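Observations on the model geometry
Okay, here's what each chain looks like letter by letter:
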Amino acid sequence: MLELEIDGKPVQVDDGSTVMDAAKKLGIYIPHFCYHKKLSIAANCRMCLVQVEKAPKPLPACATPATNGMKVYTHSPAAVKAQKGVMEFLLINHPLDCPICDQGGECQLQDLAVGYGQTASRYQEEKRVVHEKDLGPLVQTFMTRCINCTRCVRFLDEIGGYQEMGQAFRGERAEIMPFLGRTIDSELSGNIIDLCPVGALTSKPFLYRARTWELTRRRSVSPHDGFGSNLIVQSRHDVVKRVLPLEVEAINECWLSDRDRFAYPGLEAADRLTTPLVKRDGQWVEVDWATALEVAVNRLKSVIDEEGAQQAAFLAHPMATVEELHLLKRLGEALGVGLVDARPDRLDARADAARGAAAWLGMDYAAIAELDRLFVIGSTLHQELPLLAHRVRQAAKRRLKVAALDFVADDWRLPVAPRLVVKPSEFVARLASIVRAVAEEKGVTLPAVAEAAAAPNEAERALAQQLLSGERRAIWLGALALAHPDAAAIESLASGLAQLTGATLGWLPAGANAVGAQLVGAIGAETALASLEQPRRAYLLLHLEPEDFANQAAARNAFERARTVVALTPYAGEALRACADVLLPVAPFTETSGTFVNLAGMAQSFTAVVRPKGETRPGWKVLRAIGAMLGFAGFVQQSSEEVKAEALPEGWQARLAHSGASGFLAATRPAGEGLERIPLAHPYACDPIVRRSPPLQQTAEARRLRLARIHPDTAQALKVAEGDQIAVGAGCVAEAALDASVPPGAVLLALDGVFAQAGRPWAVLSVERA
């Protein structure tokens, strides 16, 4: 420990700390612009100049190492004079446009100019102007305001993982710009808006929508992925205007993914449902809640009474809250419904049933930094869970080595080696060979599930050796692996591999509350997709639309053939209008209270941030009312807290899995002529809110995933060139994109409406030029 004195106050800090660290420990504020606790030190704004005893000139606090016996003065006349001089230089070219700047009211430059600026400028020359840059649909630039602090440059390089911006030219001509005129495509790009200390980088969707002092602020939790990022939702007149990160070091730190930040425009979509609707003679009619509930209950009960409870299915999106899923499960049990499920992407449910415990990450997020080796199986990590990928990226800068077995070699913006990329039909066999390689390296008996494994090749042996070389190891099963038709066999092999290596087994299921759905039992022996293969006569849908299923065409077909479809939904989308009979408007996460359980096994509750729109009601209240109308006991809760207490009683953490299911072998997959489909989950089409966000749908990533991606060798064999229109399956025509990250013999079609008619998610499809 080092001992020093700042403004006459003694303080002890760790060796390697800076003067800025010591001042923060004492609660002393030193003005700064370029410094940020999560970024490297640049020391280029010079605003943090302080006086150090015996130093010949003021020194930057952010870059000056603390030493024993040092005496620092942060507000002495010499320090203040230096800080005021820096402020004068920073304001020389800065435009006087605070009244129209979106940063007004929360601008660091504005705040510090009050304390360190002058009432009039001595600069009489012409101010410089910097042209705007096109950074894409999410970030708006006003580069004349830029003070060249380089926070955005350092963030994209160090946190985003790829240097998409830089500083060009020198002196007064220096300016920040993207490389080669490209847009910023990082899935974390919106954080540069928060980092910018002036109004140079602002939110394009929020531009000129409201002033910061007009907004109310409430905390919430992201409903778009299982990471569980904490949010500050800002609203005006009960309309969400902006979403910002709430700093929680144990979860999202001070960052937010673009999906969490910019999904909110979807809350105001044109097809938002605010009044109950009942279909009569093929026409939608607005009714009151009492009538709508009576119709819904009578129609569901009629099917169950006449055709049996097994002819009904209650299906939910994994973004539904613990409270909603608990009451949905209880309602299904009371009616004797055999299928209650919240896995619209899952084909193989055998492992979930055998495991009997909730699949989760197997560790808290902080433990990722302590890992030595990580093996990721079947995941597009940076798209599925951007902030989890960020934590892996930071760990990889230290000692973590990452290996992967993938369906597609997307750029995670971190070193991944060895990396095996294979077709879906070869996936289980290659994983089995890796298990065999590990067993041979250790000289132990091969697990029974991998007895038929082929001899490992060089890459598989290299992966096994790397995995065994570390002390703290983890194996993660990604959402794509869990959605595979042989997911149970994949989990069995991963479980055997974890036992051989002593690794922690973790799961990365899709959905904000996928872990919570398992904890409350909203999963069954069959999955939601199974109910489409053998259509039921009645469906109750919670936050679900046909577009949420891995097989959208089958979902529409099943719902259209059913006698009754009752949907509890915030939206009256075109697909639901075509196949549903009753639409009940339930609240999205911003208009209700509830709980999500994230991948790290943390239950996070939230409350409504705005009033419900129109006749919208919280989903748990609607399910409670349906149960009460049917005369069932256990539907008398007065608050979401009561429902949570029932759903997650004390000691619920014991239901989190610590080992995987075992003993499942791969099924024989029918061969066919054509290309194997890789049904990649579209990060900007993962739930009804995200799908309706115009800014996210305009991003480069959204456009890229609406292309049919094939390997160049495959394209050559098919005589297909970049940009050609190709016919995929029976009824889908799409633009081809040549992509070496896709394995030969496969075609990547994202789970997006563009490919709704392409066929089954993992099928072998015919592909030819249109």
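Residues numbered from 1 in each chain as written. Predicted model: local features only at pLDDT ≥ 70, side-chain atom pairs only at ≥ 80, totals over all residues. Heavy atoms only, no water.

This next bit is on unusual backbone geometry. A negative phi holds for most residues other than glycine; trans holds for most peptide bonds. Cis geometry is found at the peptide bond from A417 to P418, where omega equals -5°. With respect to the helices and strands, P418 occurs in strand β19 (residues 416-421). Residue Y208 is not a glycine yet carries a positive backbone phi of 60°. Summarising the element assignment, Y208 is placed in the loop between β9 (201-203) and β10 (216-221). Of note, R413 is a non-glycine position whose phi angle comes to about 60°, a positive value. You can see R413 is positioned in the loop between β18 (401-406) and β19. (Helix = DSSP H or I, 4+ residues; strand = E, 2+ residues; numbered from the N terminus.)

Two strands in a sheet stick together by hydrogen bonds in their backbones, pointing the same way (parallel) or opposite ways (antiparallel). Taken together, the three strands give an open sheet; going across it, the order is β10-β11-β12, and neighbouring strands pair in antiparallel fashion. A strand with exactly one partner marks an edge of an open sheet, and here the two such strands are β10 and β12 (239-245). Ignoring which end each strand starts from, the neighbouring axes of this sheet average 30° apart. Sheet analysis places β10 next to strand β11 (residues 230-236), joined by six bridges and oriented antiparallel. The residue bridging V221 from the neighbouring strand is N230, located in β11. (Pairing = 2+ DSSP bridges. Axes fitted to C-alpha atoms, helices over the stretch in contact; angles between N-to-C directions.)

Our next topic: the UniProt feature "domain: 4Fe-4S His(Cys)3-ligated-type" (unreviewed entry) in the protein. The feature "domain: 4Fe-4S His(Cys)3-ligated-type" (unreviewed entry), as annotated in UniProt, sits at residues 78-117 in this numbering. Between the end C-alpha atoms of residues 78-117 the distance is 16 Å, and the span holds 55% helix and 0% strand. (UniProt positions renumbered as here; feature names shortened; annotations may be inferred.)

Per the counting criterion, the structure on display carries nine cavities of 30 Å³ or more. Here the largest cavity defines a volume of roughly 560 Å³. Taken together, 37 residues make up the lining of the largest cavity; nearest its centre are D345, A510, G511, A681 and C686. Put simply, the parts of the chain that give the lining of the largest cavity at least two residues each are α10 (381-384) and α14 (479-483). Considering each element in turn, the lining of the largest cavity owes the most residues, three residues, to α14. Tallied by class, residues from the lining of the largest cavity come to 21 nonpolar, eight polar and eight charged. (1 Å grid on protein atoms, 1.4 Å probe; cavity = no way out; pocket = protein on both sides within 12 Å on 5 of 7 lines; lining within 4 Å. Points joined across faces, edges and corners; volume = space filled by probe spheres on them. Nonpolar A, V, L, I, M, F, W, Y, C, P; charged D, E, K, R; others polar.)

The next point concerns the nonpolar core. In this structure, L388 and W476 are the most contacted members of the largest nonpolar core, which totals 145 residues. The element that contributes the greatest number of residues to this core is helix α7 (residues 289-307), accounting for nine residues. The residues contacting L388, other than those within four sequence positions of it, are F227, L361, Y365, I368, L381, W476 and L508. (Core = buried A, V, L, I, M, F, W, Y, C linked by side-chain atoms within 4.5 Å. Buried < 20%, exposed > 50% of the residue type's maximum accessible area, 1.4 Å probe, protein only. Contact = heavy atoms within 4.5 Å.)

With that settled, the discussion passes to the packing of helix α8 (residues 322-335) against helix α20 (residues 619-629). Remark: α8 packs on α20, axes separated minimally by 8 Å, with the N-to-C direction vectors making an angle of 20°. The orientation of α8 relative to α20 falls into the category roughly parallel. You can see that α8 and α20 cross each other, and the crossing is left-handed. Only G619, W620, L623, R624, I626 and G627 of α20 make contact with α8, whose side of the interface consists of E323, E324, L327, L328 and L331. Looking at the contact of α8 with α20 residue by residue, the classes come out as six nonpolar, two polar and three charged. (Parallel < 35°, antiparallel > 145°, perpendicular 65-115°, else oblique. Left-handed = near helix turned anticlockwise from the far one by under 90°.)

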